[in-house]
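So you can see what is in the structure, the chains are spelled out below.
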Amino acid sequence: ALSLNSALSYETLKYSEEKYRALTEYSNDGITIIQDGVHKYANQSYKSMTGYTFRELQKIPLDTLITHQGDAIDSQAKMNPLQSDIPGTYEAILTNKNGHKLDVEVSHASFLYMGSHAKILSLRDLRERKELESKLQQAQKMEALGVIAGGVAHDLNNILSGITSYPDLLLMDLPVDSYLRKPI
């Protein structure tokens, strides 16, 4: 019975590990675990974003990869995953191995990993979102210009309708043989 219970526990543990490994390994977001300032785990998306292998990441402090966006130093300290135990999300710039800078959204939380305090970070590439926001702003500008142009055209049409209809009124009062008929 003890042996059977142990086998069932092993299978349950194996299934649980496979499930959570699949959740992290196949995520489009970069996921990493930081403990004592060192990368302890990085999924494939995180390694792709940074351009580093896991061995290289183990030697690189997180602060050299991620630069906070924002003006207030206090808010940066509060949102810094290495300085705060409060879970949160903020925007940052990730500098990859080639020196390219990526806009990323960093979500972080504290937890116990192998019996010690650690941080889990999830990084989402914001390029597509930023492009869509830019296109939306451009569309809104074009819409505003269209509204302004429509208003100007309407006002101009009001003025022109008076100019074009007044000669018709003059022609109604002129005799048929008047020399002014042709110029009007």
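For the structure itself, look to the data block above.
Read on for an overview of the structure.

Parameters at a glance
Residues numbered from 1 in each chain as written. Predicted model: local features only at pLDDT ≥ 70, side-chain atom pairs only at ≥ 80, totals over all residues. Heavy atoms only, no water. Salt bridge = Lys/Arg side-chain N within 4 Å of Asp/Glu carboxyl O. Helix = DSSP H or I, 4+ residues; strand = E, 2+ residues; numbered from the N terminus. Buried < 20%, exposed > 50% of the residue type's maximum accessible area, 1.4 Å probe, protein only. Pairing = 2+ DSSP bridges. Polar contact = N/O pair within 3.5 Å; in protein donor to acceptor, adjacent residues only side chain to side chain. Contact = heavy atoms within 4.5 Å.

Below, the discussion takes up the pattern of salt bridges. Counting across every chain of the model gives six salt bridges. We note a salt bridge from Glu17 to Arg21, for which the minimum N-O separation is 3.7 Å. Placement of both Glu17 and Arg21 in helix α1 (residues 2-25) is noted, with a separation of four residues, approximately one turn of the helix. What makes Arg21 partly exposed here is its relative accessible area of 46%.

Let us look at the pairing of strand β4 (residues 88-95). On a regular strand, each side chain points to the face opposite its neighbour's, so the side chains alternate between the two faces of the sheet. Judged from the three bridges that link them, strand β3 (residues 66-68) and β4 form a sheet pairing that is antiparallel. From the neighbouring strand, Thr67 faces β4, where its bridge partner is Ile93. Relative to strand β5 (residues 101-113), β4 runs antiparallel, the two sharing eight bridges. Following the sheet pairing, Ala92 is matched in β5 by Val104.

Topologically, Asp29 is positioned in the loop between α1 and β1 (30-35). Looking at Asp29, its side chain comes within polar contact range of the side chain of Arg124, at 2.7 Å. Beyond its immediate sequence surroundings of up to four residues, Asp29 is in contact with Asn43, Ser45, Ser122, Leu123 and Arg124.

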